[in-house]
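Here are the chains, one letter per residue:
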Amino acid sequence: MSIVEELESEVRSYCRTWPTEFKEAHGAILTDTSGREFIDFFSGAGTLNYGHNNDLLKQPLIDYLTSNGVTHGLDMTTSAKTEFLEVFRSRILTPRGLPHKVQFPGPTGTNAVEAALKLVRKVSGRPNVVAFTNAFHGMSLGSLALTGNADKRAGAGVPLDHVLRVPYDGFDPDVDGLALLDRMLSDGGSGLDRPGAVVVETVQGEGGVNVARVEWLQELSDLCRRHELLLVVDDVQMGCGRTGAFFSFEEAGIVPDVICLSKSISGYGLPMALVLLRPELDVWRPGEHNGTFRGNNLAFVTGAAALRAYWSDSTLEKSTGDLADQVRERLTRLAGSVGADVSVRGRGLVQGLRFAHAPTAAAVGRRAFELGLLVETSGPRDEVLKLLPPLTVDGARLDAGLTVLERAVRELA
Ligand SMILES: *Cc1c(COP(=O)(O)O)cnc(C)c1O
């Protein structure tokens, strides 16, 4: 028995999915202690959009460490923070005309969602928030209340309330969730306690790679404006270029009131999260939402380097589109040749293979691992294989990974 099995809590999960000991990682490759290489179509669940140990980010980090740059300083002003904010404004906010201010919550995705929730409740004065079927927003109590998955919710141990659940785009072909919500909000007899905000993902990653149509997102944005609801986009997984543009909502041309970012914002897999809020929503009192790890300076350094390296022009966005076409094409061909059991879904470089017979997805994932590829499942029944290769993967490696996947699917589907 390894020390992991012996000592680490039963709650552990990915080490069960991929039972080996990883030692090194670079780009789209993870290497285990026996020297075996795995192509990474997981990318830390969207944390490693620029690949493992990206050299363009590593050197600035090494230089910062070598020069005794401040590593921890709560939210004190440091050179690293100042520089990150400068670069974030010049590369991301200003070019998109976004007036938003930046809040540093604790360094995880759920920390960003909790901060956003607290803020929209404070601003609106209303405790209820709209969330969608199959949403995933994190594991702490506020964000878990927004999350749809029954197994995850069952772990809470206390009531998960103050959330109004609405069908996401495509949840049920016969139900228009937004039309229903609109109608309920418009009718004083509906019995609905008015919510203050809506929290949404543009593509539900954990929920099974469910893609909201652009028109649906626009309709949601209109609905929020008409009914004076604050719109929060949780871009923790789909932001930082995963769908092509830096923010996943750009394609829809909407501007959320609040935006949550984490996962790939540091670019290097270092913990970091941001809440972006319209200036008029910035009603926080100093220190009202606190936390020891709100300014991860090492993450500021790599985050600024990533924005400089990849978001000074549209090169990455274009290449993501090209790679997405490559993935989409091969998956569509594969699904077509396997039959009705398999279908393709996704946007940009988050693409999914959905299996009508749910257990096949996990079986394919296990087989892919044996063949040297990391790819995880998502969805309420783990019925969707979710492909999240690094955005910086080269076409040949991407192809090699897809070939492994194709073989696993053909063997099992
Ligand atoms: C991963 C994720 C979170 C939670 O992030 P953690 O860092 O795991 O707390 C929240 N929202 C979305 C959309 C995510 O994908």
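Residues numbered from 1 in each chain as written. Predicted model: local features only at pLDDT ≥ 70, side-chain atom pairs only at ≥ 80, totals over all residues. Heavy atoms only, no water.

So, the side chain of Glu376
Counting through the fold element by element, Glu376 comes out in strand 16 (residues 376-378). One polar contact links Glu376 to Tyr14, side chain to side chain, over a distance of 2.8 Å. Among residues more than four places away in sequence, those in contact with Glu376 are Tyr14, Trp18, Phe42, Ala45, Glu206, Val384, Leu385 and Lys386. (Helix = DSSP H or I, 4+ residues; strand = E, 2+ residues; numbered from the N terminus. Polar contact = N/O pair within 3.5 Å; in protein donor to acceptor, adjacent residues only side chain to side chain. Contact = heavy atoms within 4.5 Å.)

As for the sheet that holds strand 3 (residues 37-40)
If you trace the 4 strands from one edge of the open sheet to the other, you get 1-2-3-15, paired in mixed fashion. Looking at strand neighbours, the two that pair on one side only are strand 1 (22-26) and strand 15 (373-374), the edges of this open sheet. Judged from the 4 bridges that link them, strand 1 and strand 2 (residues 29-32) form a sheet pairing that is antiparallel. Within the sheet, the bridge partner assigned to Ala25 lies in strand 2 and is Leu30. (Pairing = 2+ DSSP bridges.)

Considering the nonpolar core
For soluble globular proteins, the rule of thumb is that nonpolar side chains tend to be buried together. In terms of nonpolar packing, the biggest core is built from 83 residues, with Phe84, Phe88, Phe132, Phe246, Leu261 and Leu405 touching the most fellow members. Among the elements that line this core, the one with the most residues is helix 11 (residues 297-310), at 9 residues. Residue contributions to this core reach at least three from each of two domains, namely domain 1 (3-54 + 314-412) and domain 2 (58-310). Excluding its chain neighbours within four sequence positions, the residues that come into contact with Phe84 are Phe104, Ile265, Met272, Leu274, Phe300, Gly303, Ala304 and Leu307. Counting 22 residues, the second largest nonpolar core, distinct from the first, contains Ala112, Leu119, Val232 and Val275. (Core = buried A, V, L, I, M, F, W, Y, C linked by side-chain atoms within 4.5 Å. Buried < 20%, exposed > 50% of the residue type's maximum accessible area, 1.4 Å probe, protein only. Domains from an automatic or database assignment.)

Section: the packing of aromatic side chains
Taken as a whole, this structure holds 17 aromatic pairs when the rule is applied. With 5.7 Å between their ring centres and 15 degrees between their planes, Tyr14 and Trp18 make a pair best called stacked. When its relative accessible area of 4% is taken as the criterion, Trp18 is described as buried. Measuring from ring centre to ring centre gives 5.1 Å for Phe38 and Phe369, while their planes differ by 10 degrees; the resulting arrangement is stacked. Taken together, the residues span a long stretch of sequence, with Phe38 in strand 3 and Phe369 in helix 13 (residues 359-370) at a distance of 331 residues. What makes Phe38 buried here is its relative accessible area of 1%. Three or more aromatic residues joined by ring pairs make a cluster, and in this case those are Phe84, Phe88, Phe104, Phe246, Phe247, Phe249, Phe300 and Trp311. (Phe/Tyr/Trp six-rings, centres within 6.5 Å; stacked < 30°, edge-to-face > 60°.)

Brief notes about the site of the ligand
Around the ligand sit Thr108, Gly109, Thr110, Phe136, His137, Gly138, Glu201, Asp234, Val236, Gln237 and Lys263, and that is every residue in its neighbourhood. Between a nitrogen atom of the ligand and a side-chain N or O atom of Asp234, the distance comes to 2.7 Å. Measuring from an oxygen atom of the ligand, one finds a side-chain N or O atom of Gln237 at 2.7 Å. The protein chains hide 81% of the 380 Å² of surface that the ligand would expose on its own. Class assignment for the residues of the shell around the ligand results in 2 nonpolar, 6 polar and 3 charged. (Near = heavy atom within 4 Å. Areas by Shrake-Rupley, 256 points an atom, 1.4 Å probe, with all protein chains shown as cover. Nonpolar A, V, L, I, M, F, W, Y, C, P; charged D, E, K, R; others polar.)

Digging into a nonpolar patch on the surface
On the surface, Ile3, Val4 and Leu7 cluster together into a nonpolar patch covering about 310 Å² of accessible area. Along the polypeptide, Ile3 turns up in helix 1 (residues 3-7). The class of Ile3 is exposed, set by a relative accessible area of 60%. (Patch = residues over 30% accessible without salt bridge, like charges linked within 9 Å, V, L, I, M, F, W, Y side chains within 5 Å. Salt bridge = Lys/Arg side-chain N within 4 Å of Asp/Glu carboxyl O.)

A look at the domain arrangement of the chain
With domains assigned, the chain is organised as domain 1 (3-54 + 314-412) and domain 2 (58-310). Centre-to-centre, using C-alpha coordinates, domain 1 lies 25 Å away from domain 2. Tallying the contact residues gives 32 residues for domain 1 and 30 residues for domain 2. Together domain 1 and domain 2 conceal approximately 2,600 Å² of surface at their shared face, both sides included; 48% is due to carbon and sulfur atoms. Of all residues in domain 1, Thr47, Tyr50 and Arg347 bury the most surface against domain 2, accounting for 30% of the area lost on that side. Remark: the boundary between domain 1 and domain 2 carries 2 salt bridges. When the shortest N-O distance is used, the salt bridge between Glu206 and Lys386 registers 2.8 Å. Mapped onto the side of domain 1 that touches domain 2, the elements with two or more residues apiece are helix 3 (43-46), helix 12 (315-338), strand 13 (342-347), strand 14 (350-355), strand 16 and strand 17 (384-387). (Buried area = accessible area lost by both parts, 1.4 Å probe.)

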